[in-house]
Amino acid sequence: MMHLPDINVKGGGILTTLTAAKVPSLGEIELSANLEKLDANALCSPPIYTTDSAVQVTMLREEAVGFKLWLSTVSMSSLDTKVKAGFLFVVPRFFVLAKVADAEGMECFSVMRTS
């Protein structure tokens, strides 16, 4: 089943989100998914933030070069690091996530538990 991007920004990238509204079986397993492709030096905006019990797990594709990752909360220090191809990272609730692609662009796939 092919889905067109939900967001397509010329020179920025695309975001395709799969939810139970598009794929009913995702509702049964309480998951949603995102495929994000950022063009060179593009910023994922707005940053992602969740206050419920959801935890986001993201995998950067092996072929992708990488991107800059910022994680922070109001009460905790932030993480500012470079994520490389093949890395898997988890974003806990209450953390803000921002991504900036490097000069090669980037592609990642995320899965989030939904209520």
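Parameters at a glance
Residues numbered from 1 in each chain as written. Predicted model: local features only at pLDDT ≥ 70, side-chain atom pairs only at ≥ 80, totals over all residues. Heavy atoms only, no water. Helix = DSSP H or I, 4+ residues; strand = E, 2+ residues; numbered from the N terminus. Buried < 20%, exposed > 50% of the residue type's maximum accessible area, 1.4 Å probe, protein only. Areas by Shrake-Rupley, 256 points an atom, 1.4 Å probe, with all protein chains shown as cover. Core = buried A, V, L, I, M, F, W, Y, C linked by side-chain atoms within 4.5 Å. Contact = heavy atoms within 4.5 Å. Salt bridge = Lys/Arg side-chain N within 4 Å of Asp/Glu carboxyl O. Patch = residues over 30% accessible without salt bridge, like charges linked within 9 Å, V, L, I, M, F, W, Y side chains within 5 Å.

The protein is annotated in an unreviewed UniProt entry as Cupin type-1 domain-containing protein of Liquidambar formosana.

The next subject is the overall build of the protein. Within the protein, the regular secondary structure consists of one helix and ten strands. For the protein, the α and β elements follow one another from N to C terminus as β-β-α-β-β-β-β-β-β-β-β. Buried residues in the protein amount to 32% of all 115 residues. Accessible area of the protein: about 7,000 Å², with a carbon and sulfur share of 61%.

This part covers the nonpolar core. Judged by nonpolar contacts, L38, A42, C44, A101, M106 and C108 together constitute the single largest core of six residues. When sequence neighbours within four positions are dropped, the list of residues in contact with C44 reads E36, L38 and K99.

For the rest of this paragraph, the subject is the pattern of salt bridges. This model, assessed by the stated rule, comprises two salt bridges. K99 is paired through a salt bridge with E36; the nearest N and O atoms lie 2.5 Å apart. Taken together, the residues span a long stretch of sequence, with K99 in strand β9 (residues 96-101) and E36 in strand β3 (residues 31-38) at a distance of 63 residues. We note that K99, like E36, is buried.

Our next topic: a nonpolar patch on the surface. Taken together, the side chains of V57, M59, L88 and V90 present a nonpolar region at the surface, about 320 Å² in accessible area. Of all the elements in the fold, those that place two or more residues in the nonpolar patch are β5 (56-60) and β8 (88-91). On the basis of relative accessibility, which here comes to 55%, the residue L88 falls in the exposed class.

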